[in-house]
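# Fold and geometry: a report
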Amino acid sequence: MEPRLRDLRTRLISLHKILLDEERQAYETVHGPVASRPELLGLVLHHEAFGWLRSLSAMIAAIDAALDETADGLADADVEAFFRQTQALLRSGGSSRFETKYREALQRSADVVMAHAAVIKLLPAPSGRRADP
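Residues numbered from 1 in each chain as written. Predicted model: local features only at pLDDT ≥ 70, side-chain atom pairs only at ≥ 80, totals over all residues. Heavy atoms only, no water.

## A few points about the overall build of the protein chain
So the rule is basically this: To qualify as a helix, a DSSP run of H or I must reach at least 4 residues; to qualify as a strand, a run of E must reach at least 2; elements of each kind are numbered from the N terminus. With the radius of gyration taken over C-alpha atoms, the globule rule is written as 2.2 Å times the number of residues to the power 0.38. The buried label applies to any residue whose accessible area, calculated with a 1.4 Å probe on protein chains only, is under 20% of its type's maximum; exposed applies above 50%, and partly exposed to all values in between. Here, two residues are considered to be in contact whenever any of their heavy atoms come within 4.5 Å of each other. Residue exposure ignores everything except the shown protein chains as possible cover, and the areas themselves are Shrake-Rupley values with a 1.4 Å probe.
On a plain count of helices and strands, the protein chain comes out with six helices and zero strands. Reading the protein chain from its N end, one meets helices and strands in the order α-α-α-α-α-α. Scaling as 2.2 N^0.38, a compact globule of 133 residues should have a C-alpha radius of gyration of about 14 Å, and the protein chain matches this with 16 Å. Oriented by its inertia axes, the alpha-carbon framework of the protein chain measures out at about 45 × 35 × 25 Å. By the burial criterion, 38% of the 133 residues in the protein chain qualify as buried. Put simply, 66% of the contacts in the protein chain that link residues at least 6 apart link residues at least 24 apart. As presented, the protein chain carries roughly 7,700 Å² of accessible surface, and 55% of it is formed by carbon and sulfur atoms.

Shown next as structure tokens:
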């Protein structure tokens, strides 16, 4: 079960990087270039323009913590909970800031669509089966 979770984590990190790069470009259009990685990290942690990404960052951090804390492996129920949480975050039709900005990113960027599709392939289909065979 853990290899699936590690695969999910890898795909979420790829999605996060694409979203972060796009948000950085939008920020730099308005505010000028971000000079360094520490400056970008500060923006990601504290600037409201990047705040919507924190839901996805928190999901990745929670997966990392779970993988790091368990020497004997995670229970199947714990792994499946991460898949359900990811599905709720990425497939929701709600109006939270994350959901709104994420939908906009999906409409604007083929790279986001491709990274999103890579994650969705791992998630349970509505019938409870994984989307890919």
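Now that the structure is up, let's keep going.
## A word on the pattern of salt bridges
Going by this rule: Here a salt bridge means any side-chain nitrogen of Lys or Arg lying within 4 Å of a carboxyl oxygen belonging to Asp or Glu.
Using the criterion set out here, one finds eight salt bridges in the structure. In this structure, Glu80 and Arg4 form a salt bridge, with 2.8 Å as the shortest nitrogen-oxygen distance. Highlighted residues: Glu80 in helix H4 (residues 76-91) and Arg4 in helix H1 (residues 2-31), separated in sequence by 76 residues.

## Looking at the nonpolar core
Worth spelling out the cut-off: As used here, the term nonpolar core means buried Ala, Val, Leu, Ile, Met, Phe, Trp, Tyr and Cys residues forming a set that is joined through side-chain atoms within 4.5 Å.
Formed by 36 residues in total, the largest nonpolar core has its most connected members in Leu5, Leu8, Leu12, Leu15, Leu19 and Phe50. The set of elements that each furnish at least two residues to this core consists of H1, helix H2 (37-46), helix H3 (54-69), H4, helix H5 (97-108) and helix H6 (110-120). Sort the elements by how many residues they give to this core and H1 lands first, with seven residues. With sequence-adjacent residues up to four places away left out, Leu12 is seen in contact with Leu56, Met59, Ile60, Ile63, Thr86, Leu90 and Val119.

## Points about the layout of surface pockets
Left-over empty space is what a probe sized like a water molecule reveals as it rolls over the atoms. For clarity, the cut-off: Site definitions follow a grid-based scheme: protein atoms alone, a 1 Å grid, a 1.4 Å probe that fits but cannot get out for cavities, and for pockets an open set with protein on both sides within 12 Å along at least five of seven lines, plus lining residues having an atom within 4 Å of a point. Grid points are joined across faces, edges and corners, and a volume is the space filled by probe spheres set on the points. Any residue that is not Ala, Val, Leu, Ile, Met, Phe, Trp, Tyr, Cys, Pro, Asp, Glu, Lys or Arg is counted as polar, Gly included; the first ten are nonpolar and the last four charged.
Roughly 260 Å³ of internal volume is contained in the largest pocket. Considering the residues around the largest pocket, the lining is formed by His16, Lys17, Leu20, Asp21, Arg24, Arg37, Leu40, Leu41 and Val44. The dominant element in the lining of the largest pocket, judged by the number of residues it contributes, is H1, at five residues. Taken together, the residues of the lining of the largest pocket break down into four nonpolar, one polar and four charged.

## Overview of H4
As a reminder of what qualifies: Any helix carries an expected span of 1.5 Å times its number of residues minus one.
Taking 1.5 Å per residue as the helical rise, H4 with its 16 residues ought to reach 22 Å, and the 22 Å between its terminal C-alpha atoms agrees with that figure. For H4, the set of buried residues is Val79, Ala81, Phe82, Phe83, Thr86, Gln87, Leu89 and Leu90.

## Structural notes on the side chain of Glu22
Stated formally: The definition of a polar contact used here is a pair of N or O atoms within 3.5 Å, where within protein one atom must be able to donate a hydrogen and the other to accept one, and adjacent residues in sequence count solely through side-chain atom pairs.
Secondary-structure assignment places Glu22 in helix H1. A polar contact of 2.6 Å, which involves the side chain of Glu22, links it to the side chain of Ser109. When residues no more than four places from it in sequence are discounted, the contact partners of Glu22 are Ala105, Arg108, Ser109 and Val112.

## Side note on the packing of aromatic side chains
What describes a pair of aromatic rings is the distance from one ring centre to the other and the angle between the planes of the rings. Applicable threshold: Between 30 and 60 degrees the pair is tilted, below 30 it is stacked and above 60 it is edge-to-face, where a pair is any two Phe, Tyr or Trp rings, Trp via its six-membered ring, whose centres lie within 6.5 Å. Placement of a charge over a ring requires the Lys NZ or Arg CZ to be within 6 Å of the ring centre, with the centre-to-atom vector within 35 degrees of the ring normal.
Applying the stated rule across the entire model yields three aromatic pairs. By way of ring pairs, the aromatic residues Trp52, Phe98 and Tyr102 are connected into one cluster. Positioned above the aromatic ring of Phe83 is the side chain of Arg4, whose terminal nitrogen or guanidinium carbon lies 4.1 Å from the ring centre.

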